[in-house]
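Listed below are the residues making up each chain.
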Amino acid sequence: MLDLTTTYMSLHLKNPLVASASPLSKKLDTVRRLQDAGAAAIVMYSLFEEQITHESNELDHYLERGTHSYAEALSYFPDLDTYNMGPETYLAHLQRVKQAVQIPVIGSLNGISSGGWVEYAEKIEQAGADALELNIYYLPTDPNLSSMEIEDEYVQLVKDVRAKIHIPLALKLSPFFTALPHIARRFASAGADGLVLFNRFYQPDFDLETLEVVPNLQLSTSHELRLPLRWIALLYGRIEADFALTSGIHTAQDVLKAVMAGASVTMMASTLLEHGIGRLMYILADLQAWMDEHEYTSITEMKGSMSQRAVAEPAAFERANYLKTLNAFEAYLP
Amino acid sequence: MERNRVTIEGNEAVATIAHALSEVIAIYPITPSTPMGELADAWSAAERPNLWGTVPLVIEMQSEGGAAGAIHGTLQTGSLATTFTASQGLLLMIPNMYKIAGELTPAVFHVAARSLATQALSIFGDHSDVMATRATGFALLASNSVQEAQDLALIAHAATLESRIPFLHFFDGFRTSHEINTMEQLAREDIRAMIDDSLVYAHRQRALSPDHPFIRGTAQNPDVYFQARESVNPYYLACPAIVQKTMERFAAQVGRQYHLFDYVGAPDAERVIIVMGSGAETVEETIKHLAAQGEKVGVIKVRLYRPFSIEHFMQAIPLTTRTLAVLDRTKEPGSAGEPLYLDVVTALNESRENSSLDSTQRPVPAHIIGGRYGLSSKEFTPAMVKGIFDEMSKDNPKQHFTIGINDDVTHTSLAYDPAFSIETGETVQCVFWGLGSDGTVGANKNSIKIIGEETDNYAQGYFVYDSKKSGSVTVSHLRFGPHEIHAPYQIGNGQANFVACHQFTFLEQFDVLKYAAPNGVFLLDSIYGPENVWGHLPHEVQQEIIEKHLHFYVIDAHSVANKTGMGARINTVMQTCFFAISGVLPREQAIAQIKRSIQKTYGKRGEAVVQKNFLAVDESLAHMHEVQVPLSLSEQYTRSKVNGASAPARRQPITLPMLSRRPPVPNAAPDFVRNVLGPMIVGDGDDLPVSALPCDGTYPSGTAKWEKRNIAQEMPVWEPDLCIQCGKCVMVCPHAVIRMKVYDPAELKDAPDTFLSMDAHFKEFPDMKYSLQVSPEDCTGCNLCVEACPVKDKRQVGRKAINMAPQPPLREKEKANWEFFLSLPEVPSAHLNIGAIKNSQLLQPLFEFSGACSGCGETPYIKLATQLFGDHMIVANATGCSSIYGGNLPTTPWTYNNEGRGPAWSNSLFEDNAEFGLGMRLSLDKREEYAHELLTKCAASVGEELAQAILHSDQSDEAEIQAQRQRVVLLKSRLAQLDGTEANVQNLLSVADALVRKSVWIIGGDGWAYDIGYGGLDHVLASGRNVNVLVLDTEVYSNTGGQASKSTPLGAVAKFAARGKATPKKDLGMLAMAYGSVYVARVAMGANDQQTLKAFLEAEAYDGPSLIIAYSHCIAHGIDMSKGLEQQKLAVQSGYWPLYRYNPALLDEGKQPFILDSKEPSLPLERYVYNETRYRMLLQSNEERAETLLGQAKHDIQEHWKQYHEMATHSPAEK
């Protein structure tokens, strides 16, 4: 009997397949289907502090604009009784999701201000989330701002949130830290129980016909697996935190690689959006088949088995390997 | 009993009672009664029950006529029903009012009394509308204040049930309907106590029912109609006593005693005024003041005007009365006197002859005079009351006088001393100058509520707006004090303890401090701090501050608002400062109250909104500073003062840079503009004498160009190095402030140094120069031009051929350039191929600088029509936004070209616009036919060749029209040389202009075309006559604040459709196409300007009725108005607004008449709708419903597309 269970931030999960934050968690129906298809846990779509603020301000702006200016039209809209403007809708939905499924539900929070993070984190905990994933994403555009200042800010946020909530806390990271292992350790020390590698950024694109900067949302591919794979392999065993690999999990092979690198769980969304929720079942079946075929008995057994500390050639993860890879191109030269 | 003391508007006070006592409410928006309907609708939407525990059913109808009809049916089937209306709306109800009264049906109509459209429309208050209903058989009950409006509303509902006579309960529009005042709110128990359910059951018993059938509404013949009409007399005879009895019951329950005629004043009064409405409050307060000085004066406040009880009336008149003055707030031209006056005369006369009416043997008053006051909310002040009493003291007081105006034509007006005041100083009076967009009025409404409800003070607020929809100026009048406030007039000059100016630039335009009382406070929003503000004040302001010893404070409110995320809304900042300075509450308590109120108002919109307001409150006080006022004016003015020059300081030579208040219009303006419109612009229109005003409502065209409003913070700047001369920016400019011309290079010799030009790229104009020019002072800064510009700088894609830049540094330079640009010759239009956008935009717009919203989606269409057809265009304009920005004084945008030709414009009513336009067409056609007949007869005399050329001219394009015009000039000159006594010659001379083509444009919004005017529009379209109908479709009643029309789309939130409209938009185009003989086009300029242009040209060319339905983005959609064009594009791309043209003329050519001009939907509907607050707010409040309705909408789009596509590809049958 295969043992697919894994432990992620003290959550005991039936397998390492977790649905990552995506629109799939917006409806109870799809949430239930995720559970039925075999997801071991669900990360809710993100509560965006900015979005809440933006929508509030926008609603207020358009409801107020033009009011009390002109005697015949003192307003232009009926002021409705309620607007779902705060985090309440999210929290209510979280509660409903919790009731709808038995698997753990991880809240997700994308914030901008210290006050906002802490306040919303507490509310998510109160709403019944089994854990919280903080999505820290700050795009530094100010040339006067040093990486140290930004990192200190992040660490302080983690401390602030940690001090207020009791459920496990994961941090979804960007790959663009200068010294990722160092900051990862700082986050762990600050109270992060898990590190989720990596946040995918939706980089804007240029439309050459209209000469406009356009938003661009593209689903991930398996190629994107490599970056988090390397970093989890490097960090596993060195940092006191569990790892989740997100970005590029599309197949059972991707899951296996992630676990072998040291991930406790793998998170997926793109493949489910692309191929449907049923994809989970195939991946799970494939996973089991591969393990059977290769005579693995448990996930725990393979976890971290190909981390840098475990492999025969640790340098493969390092710069030497980079040079080797570059040289490999020579084979293609005419 | 515990009753709440509330500070609310009259409309709310009345609607509360009406909603509590109705089962069905039929509504239709009309100012100033609209808020009653909106409140009733909102309360029912929120499931507020009526007195009997059930939620009243509220329905919006297609017109007030429809509302009255629906109410009639409702009443006949036994429901308790009400409606709210005013002015023309009430007139539309009159036919049903006769029926409802004739059938002795209990009902109450609540009316915010308003002027009627005569020489002009007016939205303001008087009794013209109510007086027009006095023959209907409705009882007329008048309320004089906010408190009374509530109380008498209840008395009306109670009395109608008992008397069976329907009641029209009225109160003064704006003055009472929109005044906020502190009053005692009736408890539910009070309402319960006043309504006898057995009377409700009796009403139901009389209802039509198949269970006990009868017929009502028969037709009667000469034998019985008369007698039957007299059969109602007992009810009318009984009614006054029933009302008085109801008033007694009310007094017993609530404590406030009313009478049919309330007398107030000296018991031995010799001079008595008789008046009804809010003016009675003014008279009463003045009488208290005069009586305290021993004057023997009094007032009779008429409450139940119909049925008029002579007996009750006579009891109210003191026996000592020597002179009676009856004041009417209406005018009946040609009558023997206004209605109330005539009733009083009749009453006195009858009572003399019939002792049962008055047994007192009273001496006959020496004089009974009638007078008019307060038409269209004209101020009626204690000074005017004093003037009337003074007149009444004369041996021969003036009969049929007017008060409050200067009638220098027929000399009806009474003189009075405007300085007379009854103020005791116990009431604090505050005036606030604001910009519509800065939130001043909202903040003041909030402040007055706090003062009235959270302190022991009584409070009153009244708000004055100008008629512009962009950059409008507001003046708020706030009073508070320890006693009830009965002052239904604005705060007078020199009487305000506190004056705030929320926009520094107003100091240049208006006499802001005229209101300030000596030793008062002046609070100014100023970018200049306390140390240097003084030198930046116009010297008139300096002088007033010094002379009145004002305490002067400044705050940089805009900077605080910006810093705290409030943007241009400085309301919270200024409100905080007001409370801090006024001391009406201890500072901490005031701040707590402001914050509580912020939480209450904005809490549901989200924490971010609350927090930014809180921050603005917290930041305000630290930025407010008192200014140490110098003892003297700035230097150059001190000199004139010391010299004791008699001329006003403002006329002294200025030796140093120094601000002066600027004249409202330039000196170059025509006399009428300077002398008549100018004073209106600066708010001094009240001072204009009767002789200054046209007697028939006729005003000159082209006056908007003289009112330089300078409201844009930023204006467009042209970059010739990038410009491709496409004309798109010119086309979309809602205010016609961007123009282009091609001209001979020689014209540039006198050009200002900064005037820009480039080589013209028009094949029709080789070797010419081209310029694009912006009028800086007329621009509203909407940014649509920049959005429309298709060019991007290859080196810096954010830079276009036209870009926004701050206006102030450009103003003077561009003013000079604009002047020069205007002096360049217009492009000759005769042989221009105007089918191309760039060519069409060389044509002069004859609609410019309107007061429409910045970024308005309607005006570009109107402007385009004037460019193409303006010199031979007559416009019938339905009431609505376009009639307001098109025809509301002081200045109006319809203008004329250098030859003096331009659109002739008129507004008849809301409901009849199509018919009005058809009438114009019929008249023009008839006159042309007659001219043809005459010309045929005179052909030999004027020259056969000329006659035939005229008779057979094909005026299908501009060149031909101009050629015909020349022929007619020649014809007229020849006619002038013929025998002047010959009738045909004289007649032909007077109608010869009809030989030149005239084009009739019928313009209006969707409220008109889809709802109130649809019947007429349908008939006109069916008539086959050559009219062009332009529907500016904003999908709501924009002018009255966004109420749903039948054009409102499925799923959009609008007033009266707060849950999101559940039914689809009416397909007006399809209905019109069904005739097969109507040209129909659906256009959206932002999506396809070329198709729009084509549609306009085809509509004009089609010899029959044409209908253009134009997508007009609107402030009521809740969009970023600078992205209006983009929204239009999305509307088309999503399939929501397919573009098409249906041209019956193509049928004659055997072609498919329906041309689908847009491609298959290529965007999800969400991309379009969720850019708009009207859709998004439903998503935010009720996601499930939003999604359901969106699903239906998507389905509809697919179905419509299929249908249109089929029509476009279907081969027409041979004709």
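Because the structure is a prediction, the values reported are computed rather than measured.

**Student:** Where do I start with the overall build of chain B in this structure?
**Tutor:** Secondary structure assignment for chain B yields 42 helices and 37 strands. At 32 Å, chain B has a C-alpha radius of gyration in line with the 33 Å of a compact globule built from 1215 residues. Each principal axis of the C-alpha atoms in chain B carries an extent, and together these give about 90 × 85 × 75 Å. Going through the 1215 residues of chain B one by one, you find that 60% of them count as buried. Nonlocal contacts in chain B, meaning residues at least 24 apart in sequence, comprise 76% of its contacts between residues at least 6 apart. In chain B, the 107 positive side-chain charges and the 139 negative ones have mean positions that sit 2 Å from each other.

**Student:** I'm lost on the overall build of chain A in this one. Help?
**Tutor:** Looking only at helices and strands, one finds twelve helices and 13 strands in chain A. A globule of 334 residues ought to have a C-alpha radius of gyration of about 20 Å, and chain A, at 22 Å, matches this closely. Along the three orthogonal principal directions, the C-alpha set of chain A runs to about 80 × 50 × 45 Å. Residues counted as buried form 52% of the 334 residues belonging to chain A. Counting every atom, chain A has about 16,000 Å² of accessible surface; 53% of that belongs to carbon and sulfur. With 25 positive and 42 negative side-chain charges, chain A shows a separation of 6 Å between the mean positions of the two kinds.

**Student:** Looking at this structure, I do not really get the packing of helix α32 (residues 958-977) of chain B against helix α33 (residues 983-991) of chain B. What am I missing?
**Tutor:** Residues and elements named next belong to chain B. In contact at an axis separation of 10 Å, α32 and α33 are set at 150° when each is read in the N-to-C sense. Relative to α33, the element α32 is oriented roughly antiparallel. Read as a crossing pair, α32 and α33 show a hand that is left-handed. Each of L971, K972 and L975 in α32 lies in contact with α33, whose residues at this interface are V985, L988 and L989. Classifying every residue of the contact of α32 with α33 gives five nonpolar, no polar and one charged.

**Student:** Sorry if this is basic, but what is going on with the nonpolar core here?
**Tutor:** Generally speaking, a soluble globular protein has its nonpolar side chains buried in company with each other. Residues and elements named next belong to chain B. In terms of nonpolar packing, the biggest core is built from 160 residues, with I738, Y770, Y861, W1008, L1030, F1096 and L1107 touching the most fellow members. In terms of residue count, helix α42 (residues 1183-1209) provides more of this core than any other element does, seven residues in total. Beyond its immediate stretch of four places on either side in the chain, L1030 contacts Y861, I862, W1001, I1002, I1003, G1004, W1008, F1096, I1108 and A1110. If you look at the next biggest cluster of nonpolar residues, it comprises 95 residues, including A18, L75, L80 and V302.

**Student:** Just to check I follow, could you spell out the pairing of strand β1 (residues 5-9) of chain B for this structure?
**Tutor:** When a strand is regular, its side chains alternate between the sheet's two faces. Residue and element names in this part refer to chain B. Counting buried positions along β1 gives four out of five residues, so the element sits mostly inside the fold. Two elements, β1 and strand β8 (residues 180-184), share five bridges in a ladder whose sense is antiparallel. Each bridged residue has a counterpart across the sheet, and for I8 the counterpart in β8 is N181.

**Student:** Could you clarify how one ought to interpret the packing of helix α5 (residues 147-164) of chain A against helix α6 (residues 180-190) of chain A in this entry?
**Tutor:** Helix packing for two helices is described by the angle between their axes and how far apart those axes are. Residues and elements named next belong to chain A. Where α5 meets α6, the closest approach of the two axes is 8 Å, and the angle between their N-to-C directions is 25°. The pairing of α5 with α6 is recorded here as roughly parallel in orientation. Crossing angle aside, the handedness with which α5 passes α6 is right-handed. Touching M148, E151, D152, Y154, V155, V158, K159 and R162 of α5 are I183, R186, F187 and A190, all from α6. For the contact of α5 with α6, a count of residues per class yields seven nonpolar, no polar and five charged.

**Student:** Even after reading the chapter, I still don't get the sheet that holds strand β13 (residues 323-328) of chain B, so can you show me in this structure?
**Tutor:** Across a sheet, paired strands are connected by hydrogen bonds in the backbone, their directions being either parallel or antiparallel. All names here are of chain B. Across the sheet, which stays open at both edges, the six strands sit in the order β9-β11-β10-β13-β14-β15 with mixed pairing between neighbours. Looking at the sheet topology across the chains shown, the edges are occupied by β9 (261-265) and β15 (401-402). Looking at chain direction, strand β10 (residues 271-275) and strand β11 (residues 297-302) are connected through five bridges and run parallel. By the bridge assignment for β11, V272 is matched with G298. Along the sheet face, helix α11 (residues 279-292) touches β9, β10 and β11 and points at about 160° away from the line of β11. Packed on one face of the sheet, helix α14 (residues 382-392) meets β10, β11, β13, β14 (367-372) and β15 and runs near 130° to β10.

**Student:** Is there a simple way to think about the confidence of the model for chain B in this case?
**Tutor:** Keep in mind that low pLDDT regions are not for reading the predicted coordinates in detail. All names here are of chain B. Per-chain confidence: chain B averages 95 in pLDDT, with 98% of residues scoring 70 or above. Note on residues 637-657: pLDDT under 50 across the span, and 25 contacts to partners over four residues away in sequence or across chains. Interface predicted TM-score (ipTM) for the complex: 0.93; the corresponding pTM is 0.94.

**Student:** I tried to follow the interface of chain A and chain B on my own but got confused; where do I start?
**Tutor:** The figure often quoted for interface size is the accessible area lost as the parts come together. Contacts between the two partners involve 35 residues from chain A and, on the opposite side, 52 residues from chain B. Carbon and sulfur atoms supply 53% of the area buried between chain A and chain B, which totals about 4,000 Å² over both sides. Where chain A meets chain B, there are nine salt bridges. Note that R605(B) and D60(A) form a salt bridge whose closest N and O atoms lie 2.8 Å from each other. If you look at where chain A meets chain B, you find 22 residue pairs in polar contact (both at pLDDT 80 or more). At ten residues, the largest contribution of residues to the side of chain A that touches chain B is made by helix α2 (residues 49-64) of chain A. Tallied by class, the residues present in the side of chain A that touches chain B amount to 14 nonpolar, eleven polar and ten charged.

**Student:** Could you clarify how one ought to interpret the state of the cysteines in this entry?
**Tutor:** Cysteine pairs can be covalently joined through their sulfur atoms, and such a bond is termed a disulfide. Under the counting rule described, the total for this entry stands at zero disulfides over all chains. Looking at the unpaired C723(B), the closest cysteine sulfur is the one in C729(B), lying at 6.6 Å.

**Student:** I would appreciate a short explanation of the packing of aromatic side chains in the present structure.
**Tutor:** Aromatic ring pairs are defined here through the distance separating the ring centres and the angle between the ring planes. All names here are of chain B. Following the criterion strictly, the structure yields 45 aromatic pairs over all chains and no others. With a centroid separation of 4.8 Å and 75° between ring planes, the pair formed by F755 and F820 is classed as edge-to-face. Within this pair, whereas F755 is found in the loop between β24 (738-743) and β25 (758-759), its partner F820 is found in helix α26 (residues 808-823), the two being separated by 65 residues in sequence. A connected cluster of aromatic rings, assembled from ring pairs, spans Y1111, Y1136, W1137, Y1168 and Y1175. The lysine or arginine in question, K705, covers the ring of Y896, its NZ or CZ lying 4.9 Å from the ring centre. One cation-aromatic arrangement involves R1082 over W1137; the distance from NZ or CZ to the ring centre is 4.8 Å.

**Student:** Mind showing me how you'd approach the sheet that holds β1(B) here?
**Tutor:** All names here are of chain B. Taken together, the nine strands give an open sheet; going across it, the order is β1-β8-β17-β18-β16-β19-β20-β21-β22, and neighbouring strands pair in mixed fashion. Unpaired on one side and paired on the other, β1 and β22 (624-627) mark the two borders of the sheet. Strand-to-strand twist of the sheet, defined as the mean angle between neighbouring strand axes without regard to direction, takes the value 20°. Two strands pair when backbone bridges link them, and strand β16 (residues 428-435) and strand β19 (residues 496-501) are joined in this way by four bridges, in the parallel orientation. Its bridge partner being in β19, W433 is matched across the sheet by C501. Packing of helix α1 (residues 10-20) onto the sheet brings it into contact with β1 and β8, and relative to β1 it is tilted by some 110°. Contacts between helix α6 (residues 146-163) and the sheet are confined to β1 and β8, with β8 contributing the most and set at about 50° to the helix.

Definitions and cut-offs
- Residues numbered from 1 in each chain as written.
- Chains lettered and ligands numbered in written order.
- Predicted model: local features only at pLDDT ≥ 70, side-chain atom pairs only at ≥ 80, totals over all residues.
- Heavy atoms only, no water.
- Helix = DSSP H or I, 4+ residues; strand = E, 2+ residues; numbered from the N terminus.
- Rg over C-alpha atoms; globule rule 2.2 N^0.38 Å.
- Buried < 20%, exposed > 50% of the residue type's maximum accessible area, 1.4 Å probe, protein only.
- Contact = heavy atoms within 4.5 Å.
- Lys, Arg positive; Asp, Glu negative; His and termini not counted.
- Charge placed at Lys NZ, Arg CZ, Asp CG, Glu CD.
- Areas by Shrake-Rupley, 256 points an atom, 1.4 Å probe, with all protein chains shown as cover.
- Axes fitted to C-alpha atoms, helices over the stretch in contact; angles between N-to-C directions.
- Parallel < 35°, antiparallel > 145°, perpendicular 65-115°, else oblique.
- Left-handed = near helix turned anticlockwise from the far one by under 90°.
- Nonpolar A, V, L, I, M, F, W, Y, C, P; charged D, E, K, R; others polar.
- Core = buried A, V, L, I, M, F, W, Y, C linked by side-chain atoms within 4.5 Å.
- Pairing = 2+ DSSP bridges.
- pLDDT = per-residue confidence, 0-100.
- Buried area = accessible area lost by both parts, 1.4 Å probe.
- Salt bridge = Lys/Arg side-chain N within 4 Å of Asp/Glu carboxyl O.
- Polar contact = N/O pair within 3.5 Å; in protein donor to acceptor, adjacent residues only side chain to side chain.
- Disulfide = S-S within 2.5 Å.
- Phe/Tyr/Trp six-rings, centres within 6.5 Å; stacked < 30°, edge-to-face > 60°.
- Lys NZ or Arg CZ within 6 Å of the ring centre and 35° of its normal.

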